[in-house]
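The residues making up each chain are set out below.
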Amino acid sequence: MRRVTLGRLAAGLLALGLVLLLAGAVLGGTGAAGSSSWTGSGPGWGSFGFMGSGMMGGGGMMGGNGMGQAMGSALAGRVGQPISPAQATALGAAAPAGASVDRATSRITFQTNDVRLAVLASPPGGPDMTFRIAGLVNPTLVVPLGATVTVQLVNADSDTSHNWALTTAQPPFPFMAMMSAPPAFPGAVAQPLGDPTSAGLPSETVRFTASAAGMYTYLCEVPGHAAQGMHGTFQVTGA
Ligand SMILES: [Cu+2]
């Protein structure tokens, strides 16, 4: 089947691009938690855009969720630390310390300057293309100005890559959300995680300072995901 063959070729090219992207991210970054900057300068999404143009255009073979799926398999076992499915389930349900969780309004308000969040990407049993935090779907997060925010991202999606980033942009987001979603704070972005493997679900921790009050959006930057609803509100309160 010609179309299938072309699809595999495209997936292969994307995987190659991913390896280059990954190499650039590893070489360019310091590797310390909170310093990830894969959306910044260097061989980031710009390379993707170049490689992807034409393949993804007009809802072509790599449109829809094909890109995220290609990334998921290419990155499997390459990024982050694996945790067990039981650990992931517990993290996705746990109420964060120092926070009040309002389930009726899907809002988590932190009273502490030491904000620690576990974020599950597209877990089983939840709506597809959403984040689960404290058992809620894409909840609004409210933190005080100056808080140190530690985010542990876990990819709980069996066949698709996801990341987590905080941006000053507001929804709706286009297919290539990462091209128009400036980072809110240095370090407030996690690299895209691959599919879970037999070793476990990939987990990655980033840390940043909520250094300016305002309304922000956390989102998944994998093409198409934020456009499908993979985002939530992040508010920094205080003068
Ligand atoms: Cu995603």
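A. Local environment of the sheet that holds strand β8 (residues 148-155). Read across the open sheet, the six strands follow the order β1-β11-β8-β4-β5-β6; overall the sheet is mixed. Across the chains shown, the open sheet's two edge strands, defined by having one partner strand only, are β1 (81-83) and β6 (136-137). Relative to strand β5 (residues 131-133), strand β4 (residues 114-121) is paired through two bridges, and the arrangement is antiparallel. Of the residues in β5, the one forming a bridge with L120 is R132. The sheet strands contacting helix α4 (residues 85-93) are β1, β4, β5, β8 and β11 (201-209), and the helix crosses β4 at an angle near 120°.

B. How the structure looks around α4. Regarding α4, the residues found buried are A88, L91 and G92. Here the buried residues of α4 occupy an arc of 95° about the axis, which is enough to place them on one side. Exposed positions of α4 whose direction lies more than 90 degrees from the buried face are A86 and A90. The secondary structure elements touched by the buried residues of α4 are β1, β4, β5, β8 and β11.

C. Structural view of the nonpolar core. Counting 56 residues, the largest nonpolar core has V119, V154, A165 and L219 as its most contacted members. Per-element tally for this core: the top contributor is β4, with six residues. In this view, L219 contacts A165, T167, F173, A177, A181, A226, M230 and H231; residues no more than four positions away in its chain are not counted.

D. Structural detail: the pairing of strand β7 (residues 140-144). The two faces of β7 differ: L141 and V143 on one face are buried, but T140, V142 and P144 on the other face are not. Here strand β3 (residues 107-110) pairs with β7 via three bridges, running parallel. Bridge pairing in β7 links R107 to T140. In this sheet, strand β13 (residues 231-237) lies alongside β7 in parallel orientation, the contact comprising four bridges.

E. Summary view of the environment of A90. Relative to the helices and strands, A90 is located in helix α4. The class for A90 is exposed, based on 12 C-beta atoms found within 10 Å. Each C-alpha atom, one on A90 and one on G135, is 9.5 Å from the other, the two residues being 45 residues apart in sequence.

F. View of the sheet that holds β7. Read across the sheet, seven strands follow the order β2-β3-β7-β13-β12-β9-β10 without closing on themselves; strand pairing throughout is mixed. The open sheet has two edge strands, β2 (99-102) and β10 (189-193), and neither has a second partner. In this sheet, adjacent strand axes meet at a mean angle of 20° when their direction is disregarded. Note: strand β12 (residues 214-219) against β13, six bridges, orientation antiparallel. Counted as the bridge partner of L219 is H231 from β13.

G. Focus on the pairing of β3. Burial of β3 is one-sided: the residues I108 and F110 facing one way are buried, the residues R107 and T109 facing the other way are not. The pairing of β2 with β3 spans four bridges and is classified as antiparallel. Each residue of the ladder has a partner; that of S100, found in β3, is T109. Counted along the chain from β2 to the antiparallel partner β3, the turn is four residues long, and its residue S106 has a positive phi close to 55°.

H. Here's a closer look at the confidence of the model for the chain. The predicted model of the chain averages 82 in pLDDT, with 73% of residues at 70 or higher. Here residues 1-17 is modelled with pLDDT under 50, and outside its nearest four sequence neighbours on either side it reaches 16 contacts, counting other chains as well. Across residues 19-61, where pLDDT falls below 50, the model places 64 contacts with residues more than four positions away in sequence or in other chains.

I. Examining unusual backbone geometry more closely. A cis amide bond, omega 5°, links P171 with the succeeding residue P172. Mapped onto the elements, P172 comes out in the loop between β9 (162-167) and β10. Of note, the phi angle at S106 is positive, near 55°, even though the residue is not glycine. Position of S106 relative to the elements: it lies in the loop between β2 and β3. On the basis of neighbour count, S106 is assigned to the partly exposed category, with 16 C-beta atoms found within 10 Å. A positive phi angle is found at A134, which is not glycine, with a value near 55°.

Parameters at a glance
- Residues numbered from 1 in each chain as written.
- Predicted model: local features only at pLDDT ≥ 70, side-chain atom pairs only at ≥ 80, totals over all residues.
- Pairing = 2+ DSSP bridges.
- Helix = DSSP H or I, 4+ residues; strand = E, 2+ residues; numbered from the N terminus.
- Contact = placed C-beta atoms within 7 Å.
- Axes fitted to C-alpha atoms, helices over the stretch in contact; angles between N-to-C directions.
- Buried ≥ 20, exposed ≤ 12 C-beta atoms within 10 Å, placed from the backbone.
- Arc of directions from axis to C-beta.
- Core = buried A, V, L, I, M, F, W, Y, C linked by C-beta atoms within 7 Å.
- pLDDT = per-residue confidence, 0-100.

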